[in-house]
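# Structure at a glance
Chain residues, written in single-letter form:
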Amino acid sequence: MAKWGMVIDLETCTGCQACTTACAMENSRLPGENWQDVLFYSEGDYPHLNVSWLPRPCMQCENPSCVSVCPTKATFVDEGTGVVLVDWNKCIGCKYCMVACPYGVRFYMDEAPVVEPDVKAAFPGEGRRQVWNPPFRMPDEYADPSKGIGVQPKGVVSKCTFCHHKITQAPEGVADLDEDDPETREFTPACVRVCAPKARFFGDLDNPESNVNRLIAEKGGVRLKEETGNRPKVYYLSGGGSPVVPGQRSKRRS
Amino acid sequence: MASITDFSGGHSGRETQWMLHFLISLTIVVVAGGYAVWQIMTLGHAAFNTTNAGIFWGLPIVLYDYFLLTSTGLVMVAAIYHVLGVEAFRPVAKRCLGLALAGLMGGVAVLFLELSNPLMALWATPLNMQTQSPLFWKILLVGAYTVLLAIVLFNSIKQPTVRPNPLVWPLALLALAITLVAGSVYGMMAMRPMWFGGEIPVVFLIESLVGALAFTMVFSHLAHGFRHDRMSDELRWLFEGPLARLFGALIALHFLLHAGRAVTGWWSNAEGLQVWDHMLSGPLFYIGLGVCTLVPLVLMLLPATRSNGLAQVTSGLLVMIGLFIARYEFIIGGQQVPLFKGSWVQTQLIEYTPSMTEWALLGLGIGIANMVYGFAAWKLGGEDEA
Ligand code: SF4
Ligand code: SF4
C-alpha cells in the first residue's frame, strides 16, 4: 500500500499557475475556487519590494484535523492511498472541516463567488443539486461522489483528491509517478504533470527508493505549520533560505 | 374588568397578553422568516455573506449558539430548584423550562436554514460514530436534550403546581454537557489561536448562566407587565435577593473572563491573535463590554438599583445584547485571520458584514422563540403564576 506524497521545490517554481489551471480542468473546478493555487505575497513598496509565492495544494495530512472534526465521517482517509477524501453523499454542509483545516484548502460552492464574473451563472447546472455545468467537465466514468470526485454538487464541501482517479490506476508497487516516465505519465496528478520547470514531484513516502524521499532527505524538505500536528504529506524544498511563508504579523509594514 | 393593558394577574388579562405576544411573534416569523426563506430558495447560500474567502461560519451560527446556550443556561437555572432543591427558585422554574424550549426552537430553526443537509445530519451522525468530533457529541446531546426537555415540559403542563421533577436531573446534566461541548467546538481549534484554549468551555458556561438569568429577569417582568410591584411576594423576594446577587456575581465573572482574554490577546505577538487589535479598535467591543456588561454590573452591585425593577429589566436587556455582541465577535473574529485561503485574500484580516437574509434569520429566531413561548403561556399554561 503506497503512502502518496508530494514535494514542491520553491527554488524552481516560477509561480506560473499552470498547476492551478490543470487542476481546475482535470477536476471541474470553478475558477477562483482552486483546490490547487499559487499564493502571492508582497511586502513593501516599489522599488523596495519583495514578492514571493507559494504553491498550495491540500497537504493530505497524515493526522488530518478535517477528518477528526467531521461529525458524519464524510471526510475520511482512503485506506489504499492515504488520500483524504470527502463523501458527498454524507456531507451535511456544516463546514466544520473548513474551519478546522489549518491550510484553508476546502471549498463550499453555493455561496457568492470569490472572483468575478460568476462563471456558474454562465454555465448553469441542471437538477436540484448541480451548481453548474462546466464546459470542461470531467468524463462521467471518472466521477465518484462517494470520494468527492467530479462536478461538486450543492451543499457539500470539496477538496483536492491528489487526482485519486488517476493515481489509483498506477501500476502496483511503483515508487514515483513521474510525467517524464512513459509508464507512469498518465497516472501522475495533473498539477505535477504540467509543471513546466519541474518543481513538483509525486511518489510513495513509504518507499525508501522513491525520488520524493531522496529529495526530502537531500534537500531538507519542510512541512508547513508543523505546530498544528497535522503532519502534511506535502513537503517544500526552500533551499534552506528564509521561512517558506511570511506570517501576516512578520511582514514589513509598507 | 380585564383589558389588554391589564396585566395585574386577572386571568383574562394575562390570556390577552400572551395571545398578543403570540400574534406579534407570528407576524415577525411570517415577515422575517418569509423573506429569509424566499432569499434562500432563490439565491441559495449566496444569500449569505459567508464565502470561501475565509468566513465560513457567519451570523446564523452566532445565532444558533446564542439561542442554544441561553436554552441550556435556563435549564441549569431551573435545576437550582429541581435538582439542588433551592425553594427560592421555585417561582421561576417553570418559566425557565418554557423559555429553554422556546429558545432552542428558535436556534434550531436558524441552524436548519443554514445547514445544506440538516435532515441527513439526523441519521449520518449517529450511524457513523465519529467520536473524535465535538460536533458529533453536540448533535447527539442536543437531540437527547430536545426530547427530554419536551417530556419535562409536557409533564409540567399537566401539573398545575410546580414540584421537583427528577427528570430535570438528566436534563440538567445534558444542558451542562452541551454547553461545555459547544465551547470545545471552538476551544479545541489549535489552528485558530483566537479560539484555542481550555478556558473556552468555562467561558461558554458562565455566558450561558448569565444569559439565562438575564432572560429570566426580563421575561418575569414581562409576565407582570413590567410592574415589579405586581409580582408575588416570593418572586419579588427572589428578584431583590438571591437572583439579583447571583446575576451580579456572574456578570462580574463574565466581565473578568472577557476582559482578561482581550488584554492577553491584545498584548500577545502570536500570529492569529492580531484580531484582538482589530476588535479593540472598533466600537462594538466597548459597547459589548462597557455599556452592556459594566453598566449592568454596577446596577447589580448597588443595593438601591439591585432591587429596582426598572434597573433589573435594563440590566437584563443590556446583558442579552452584550452576550450577543461577545458571541458575534468571538465566532467571526476567530475566522478573520486568513489562512492559506487563496491569492485573492490579500488583506490582513477578512472583512464580514451579515447580509439582509442573515439579519432576517435573527428576526426569525427571535420570532419563533417568542411564538412558542407565547403560545405555551396562552394555551398550555406554560407560565408561572407567581
Ligand atoms: S490540508 Fe486541510 S483539508 Fe487537506 S488533509 Fe490537511 S486538514 Fe484536511
Ligand atoms: S461540511 Fe461535510 S465534510 Fe465538512 S465536516 Fe461537515 S459533514 Fe464533514
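Residues numbered from 1 in each chain as written. Chains lettered and ligands numbered in written order. Predicted model: local features only at pLDDT ≥ 70, side-chain atom pairs only at ≥ 80, totals over all residues. Heavy atoms only, no water.

On to the overall build of chain A. Looking only at helices and strands, one finds 7 helices and 10 strands in chain A. Here chain A, with 254 residues, has 58% of them falling under the buried criterion. Within chain A, contacts between residues separated by at least 24 positions form 61% of all contacts whose residues are at least 6 apart in sequence. Across chain A, 29 positive and 33 negative side-chain charges occur, with their mean positions spaced 7 Å apart. (Helix = DSSP H or I, 4+ residues; strand = E, 2+ residues; numbered from the N terminus. Buried < 20%, exposed > 50% of the residue type's maximum accessible area, 1.4 Å probe, protein only. Contact = heavy atoms within 4.5 Å. Lys, Arg positive; Asp, Glu negative; His and termini not counted. Charge placed at Lys NZ, Arg CZ, Asp CG, Glu CD.)

Right, let's get into the nonpolar core. B:Tyr145, B:Leu149 and B:Tyr186 are the most contacted members of the largest nonpolar core, which has 146 residues in total. A:Ile8, A:Leu10, A:Cys23 and A:Tyr41 belong to the second-largest nonpolar core, a separate cluster that totals 34 residues. (Core = buried A, V, L, I, M, F, W, Y, C linked by side-chain atoms within 4.5 Å.)

The full set close to ligand 1 counts 15 residues, and A:Cys58, A:Cys61, A:Cys66, A:Cys101 and A:Arg106 are the nearest of them. Taken together, the residues that form the shell around ligand 1 break down as 10 nonpolar, 3 polar and 2 charged. (Near = heavy atom within 4 Å. Nonpolar A, V, L, I, M, F, W, Y, C, P; charged D, E, K, R; others polar.)

A few words now on the sheet that holds strand β10 (residues 234-237) of chain A. Strand pairs in the sheet, formed through backbone hydrogen bonds, run parallel or antiparallel to each other. Residues and elements named next belong to chain A. Taken in spatial order, the 4 strands line up as β8-β9-β1-β10 in an open sheet, and their pairing is mixed. Whereas interior strands pair on both sides, the edge strands pair on one side only; in this sheet they are β8 (176-177) and β10. The sheet strands contacting helix α7 (residues 211-219) are β1 (4-9), β8, β9 (200-204) and β10, and the helix crosses β9 at an angle near 115°. (Pairing = 2+ DSSP bridges. Axes fitted to C-alpha atoms, helices over the stretch in contact; angles between N-to-C directions.)

Let's shift gears to the interface of chain B and chain A. Listed per partner, the contact involves 51 residues of chain B and 53 residues of chain A. Buried surface at the junction of chain B and chain A, summed over both partners, amounts to about 4200 Å²; 56% is from carbon and sulfur atoms. Inspection of the chain B/chain A interface yields 1 salt bridge. Residue B:Glu114 pairs with A:Lys95 through a salt bridge whose shortest N-O separation is 3.7 Å. At the junction of chain B and chain A, the tally comes to 20 residue pairs in polar contact (both at pLDDT 80 or more). Secondary-structure elements contributing two or more residues to the side of chain B that touches chain A are α4 (118-128), α5 (134-158) and α6 (168-187) of chain B. (Buried area = accessible area lost by both parts, 1.4 Å probe. Salt bridge = Lys/Arg side-chain N within 4 Å of Asp/Glu carboxyl O. Polar contact = N/O pair within 3.5 Å; in protein donor to acceptor, adjacent residues only side chain to side chain.)

Quick look at the site of ligand 2 now. Residues in contact with ligand 2, as listed here, are A:Cys70, A:Pro71, A:Thr72, A:Ala74, A:Thr75, A:Cys91, A:Ile92, A:Gly93, A:Cys94, A:Lys95, A:Cys97 and A:Val157. Here the shell around ligand 2 is composed, by residue class, of 8 nonpolar, 3 polar and 1 charged.

Here we take up the confidence of the model for chain B. Residue and element names in this part refer to chain B. Mean pLDDT over chain B works out to 92, with 94% of the residues at or above the 70 mark. For residues 1-9, every residue scores under 50 in pLDDT, and the model assigns this stretch 14 contacts once sequence neighbours within four places are set aside. Listed scores for the predicted complex are pTM 0.93 and ipTM 0.93. (pLDDT = per-residue confidence, 0-100.)

Residues and elements named next belong to chain A. Within the secondary structure layout, lysine 120 lies in helix α4 (residues 119-122). Summary of buried charges: lysine 120 has no salt-bridge partner, and the nearest side chain of opposite charge, aspartate 118, is 4.7 Å away. Here methionine 109 takes part through its backbone oxygen, which lies 2.6 Å from a polar atom of the side chain of lysine 120. Beyond its immediate chain neighbours, meaning those up to four positions away, lysine 120 contacts Leu30, Met109, Asp110, Glu111, Val131 and Trp132.

Right, let's get into a nonpolar patch on the surface. All names here are of chain B. A surface patch of nonpolar side chains, amounting to about 340 Å² of accessible area, comprises Leu23, Leu26, Val30 and Val31. Position of leucine 23 relative to the elements: it lies in helix α1 (residues 11-43). On the basis of relative accessible area, leucine 23 is assigned to the partly exposed category, the value being 38%. (Patch = residues over 30% accessible without salt bridge, like charges linked within 9 Å, V, L, I, M, F, W, Y side chains within 5 Å. Areas by Shrake-Rupley, 256 points an atom, 1.4 Å probe, with all protein chains shown as cover.)

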